[in-house]
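Summary of the model geometry
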Amino acid sequence: MGGCRRGLGLCLLLALVGPGGALHNVTAQLFGAEAYGTLAAFGDFNSDKQTDLFVLRGGNELIIFLADQKEPYFKPRVKLSMKSLGVTITSVVPGDYDGDSQMDVLLTTQAQNHGRDELSVFIFWGHNQTLDLNHKIMLNRTFQDEPLVMDFNGDLIPDVFGVTSDSNKPQIWIGRNLSWHPALETQSKMYIPHSHAFIDLNNDFTADLFLTTSPDSQKVYFETWVNKDGNFSGLEESKEMPSGVKVIGQSVFADFDGDGQSEHLLPVCEDKKCLKSAIYLTKLGLNQWIPILQDFRNKDTLWGFVSYQNEKPSKEISFPITLHIGDYNMDGYPDALAILRNTSGSNQQAFLLENVPCNNVSCRSVRRMFKVFWELSDLNQIKDAVVATFFDIYEDGILDIIVLSKGHSSEEFAIHTLKNNFEADAYFVKVIVLSGLCSNDCPRKITPFGVNQPGPYIKYTTVDANGYLKNGSAGQLSQSAHFALQLPYNVLGLGRSANFLDHLYVGIPRPLGEKSIRRQEWTAIIPNSQLIVIPYPHNVPRSWSAKLYLTPSNIVLLTAIALIGVCVFILAIIGILHWQEK
């Protein structure tokens, strides 16, 4: 046990206190009687440095639960009803779309008499932490699928990317100047439901564009458009889906093996009914798919992914096969949450997929694999789960779990929140990158924390407890469609090493024609700290500022107690010796 190297007294204290149960249900403390609806997004709406929850109810009402200091810790403070417009809300993407450093809210909606391939987009302008039905813009084109929110032109104001109803090629709606432009010269047809992403895939700290395309109903291709000097001018790589696959899920990205580069993870089914499921890994430049999870059997029960039902009634939400990524045990290797179905029954549950060392030949080249954590008591008790994702409930750097399940009512999901009490002596660094449109001179003295900035890339290097070099990286808000439920920050696990981070790098997108990479480095970052990076001005990285907030962990408190105990013991010995000399 790494922590026990610090001394016998500390080990005794650790043994007495212990990490407790792995998960603890805290739904009542967080929501009271309001724990129902469809969780659609996260964001700091009122700029108080605490993440709020964006929840849909009744198909046409958005409710923002603001974080509070008193129970229940999330209260439904902001409400926006679209009932009068006769539409169903299909997704929510918070962000600052006009560059005033206040959070706006993008909603995609579907008219009740239209199909899923005709989505309208509304943006409600945030003003003094409120939303007004009359203070909005409706984009004058409809989308064939939910759009990707990205920073196409590198001005750190979110833009809206997707294929519109009047064109076969992707279009981009530019934030702030509110204008349409052709996005890419591509003949590829986009796959629906897509899992496009805006994330650095070639290690230059500038977000690239990843697309899921489908030339026909049988095959899916994954295209990488590398950002060269602010321009997505050429297709770098096109990779066909793994052979023998019949159903593909949503592509997700994570630094799976801790080498400092993001890998592409793909959940799949090898038959139409998802009786045989798997997760594959690849990355830019790797010409193969590596299986990192194929064993979905628990004792005598075979589990599998829940396939996407595109034919469901328009009011009923269907979730694609999705992995939600987060470092549950803070060991530096990202884990995942997935919904699995009992293939011989009807029950479906949320399961933790733990990132562990590889123990078979097929994944040896990446050294890591997923293993299903079958027994996690409070998580296992939630039946008919439909979505599970990570969230730092108490803003303490430890990723907790939120699960949506059927059962609250015929039309609403129940919300369950599980506190993570796992690995009390592991360390982390939590990083959020703001828009950097202003620093201390924001208009109307706005605090620019609630902006949900897509595109920044974070990487660290440090030395682990055994003296080996350790890397980790993550992209911020790389995906926005089909309930990606990504957090506006990244929590990077450091394992049980309490060493300072030698280097922490942050990079942001750059505009067309700019050749120099926008990246800044910070050194000697204290573990268990939250770093708020303000990249202002954008083109002068050495002037960027970072606010550091420390989060004392149990191990720090126990170390302090042990240290005080040792000091008292030494003072007692000195006192006794002094008394004997008299």
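Residues numbered from 1 in each chain as written. Predicted model: local features only at pLDDT ≥ 70, side-chain atom pairs only at ≥ 80, totals over all residues. Heavy atoms only, no water.

Looking up the protein in an unreviewed UniProt entry gives the name TIP protein, with the organism given as Glaucidium brasilianum. UniProt, in its Sequence similarities (unreviewed entry) section for the protein, records the words "Belongs to the TIP family." (UniProt positions renumbered as here; feature names shortened; annotations may be inferred.)

This paragraph deals with the state of the cysteines. Per the stated rule, a full pass over the model turns up two disulfides. With its sulfur 2.0 Å from that of its partner, C358 forms a disulfide with C363. For the disulfide bridge between C358 and C363, the dihedral angle about the S-S bond is near 95 degrees, and by the sign convention the bridge is right-handed. The class of C363 is buried, set by a relative accessible area of 1%. (Disulfide = S-S within 2.5 Å. Buried < 20%, exposed > 50% of the residue type's maximum accessible area, 1.4 Å probe, protein only.)

Time to look at the domain arrangement of the protein. You can read the domains of the protein as domain 1 (23-310 + 317-420), domain 2 (427-556) and domain 3 (557-581). Each of domain 1 and domain 3 has a C-alpha centre, and the two are 54 Å apart. (Domains from an automatic or database assignment.)

L62 and V92 are the most contacted members of the largest nonpolar core, which has 71 residues in total. Every residue in contact with V92, bar those within four places of it in the chain, is listed here: A40, A41, F54, L56, L62, V105, L106 and L107. In this structure, A254, C269, W303 and V356 belong to the second largest nonpolar core, which totals 29 residues. (Core = buried A, V, L, I, M, F, W, Y, C linked by side-chain atoms within 4.5 Å. Contact = heavy atoms within 4.5 Å.)

With that settled, consider the sheet that holds strand β4 (residues 61-67). Spatially, β2-β3-β4-β5 is the arrangement adopted by the four strands of the open sheet, whose pairing is antiparallel. Since the sheet does not close on itself, it has two edges, and those belong to β2 (38-43) and β5 (74-81), each with one partner. Taking the axes of each pair of neighbouring strands and ignoring which way they run, one obtains an average angle of 25 degrees across the sheet. (Pairing = 2+ DSSP bridges. Helix = DSSP H or I, 4+ residues; strand = E, 2+ residues; numbered from the N terminus. Axes fitted to C-alpha atoms, helices over the stretch in contact; angles between N-to-C directions.)

It is worth spelling out the sheet that holds strand β7 (residues 104-111) at this point. Pairing is antiparallel in the open sheet, where four strands are placed in the order β6-β7-β8-β9. Unpaired on one side and paired on the other, β6 (87-95) and β9 (136-138) mark the two borders of the sheet. The sheet shows a mean angle of 25 degrees between the axes of neighbouring strands, taken without regard to direction. Summarising the sheet, strand β8 (residues 119-124) and β9 pair through three bridges and their orientation is antiparallel. Within the sheet, the bridge partner assigned to I123 lies in β9 and is I137.

Time to look at unusual backbone geometry. Cis geometry marks the peptide bond from E71 to P72, where omega comes out at -15 degrees. Checked against the element boundaries, P72 lands in the loop between β4 and β5. The peptide bond linking Y536 to P537 adopts the cis configuration, its omega dihedral lying at -10 degrees. Along the chain, the position of P537 falls in the loop between β38 (529-534) and β39 (545-550). A positive phi angle, close to 55 degrees, is found at M330, a residue other than glycine. Mapped onto the elements, M330 comes out in the loop between β25 (324-326) and β26 (335-342). One non-glycine residue, R367, lies in positive phi territory at about 65 degrees. Position of R367 relative to the elements: it lies in the loop between β27 (348-357) and β28 (368-373). We classify R367 as partly exposed; its relative accessible area is 48%.

Before going further, it helps to spend a moment on the environment of D378. Mapping D378 onto the fold places it in helix α3 (residues 377-380). Exposure remark for D378: the relative accessible area of 16% places this residue in the buried category. Spatially, the C-alpha atom of D378 lies 41 Å from that of D204, the residues being 174 residues apart in sequence. Not counting residues within four places of it along the chain, the set of residues in contact with D378 comprises L23, H24, N25 and L418. In this structure the side chain of D378 is engaged in a polar contact, spanning 3.1 Å, whose partner is the backbone nitrogen of N25. (Polar contact = N/O pair within 3.5 Å; in protein donor to acceptor, adjacent residues only side chain to side chain.)

The next point concerns the packing of aromatic side chains. Following the criterion strictly, the structure yields 22 aromatic pairs and no others. A centroid spacing of 4.9 Å and a plane angle of 25 degrees characterise the contact between F42 and F391, whose relative ring orientation is stacked. Placement of the pair is F42 in strand β2 and F391 in strand β29 (residues 385-391), with a sequence separation of 349 residues. Of the two residues, F42 and F391, both sit in the buried class. Geometrically, the ring pair formed by F210 and F222 is stacked, given 5.9 Å between the ring centres and 15 degrees between the ring planes. Here the residue F210 occupies a position in strand β15 (residues 208-213), and F222 occupies one in strand β16 (residues 221-225), the gap between them amounting to 12 residues. The exposure classification of F210 matches that of F222, with both residues buried. (Phe/Tyr/Trp six-rings, centres within 6.5 Å; stacked < 30°, edge-to-face > 60°.)

Here the focus is the pattern of salt bridges. Opposite charge on two side chains makes pairing possible when the charged atoms of those side chains draw close. Taken as a whole and assessed by the stated rule, the structure comprises 17 salt bridges. Between K430 and E395 there is a salt bridge, with the nearest N and O atoms lying 2.7 Å from each other. Highlighted residues: K430 in strand β32 (residues 427-433) and E395 in the loop between β29 and β30 (400-405), separated in sequence by 35 residues. Of the two residues examined, K430 and E395, each falls in the buried class. One salt bridge connects E514 with R518, and the closest N-O pair in it is separated by 2.8 Å. (Salt bridge = Lys/Arg side-chain N within 4 Å of Asp/Glu carboxyl O.)

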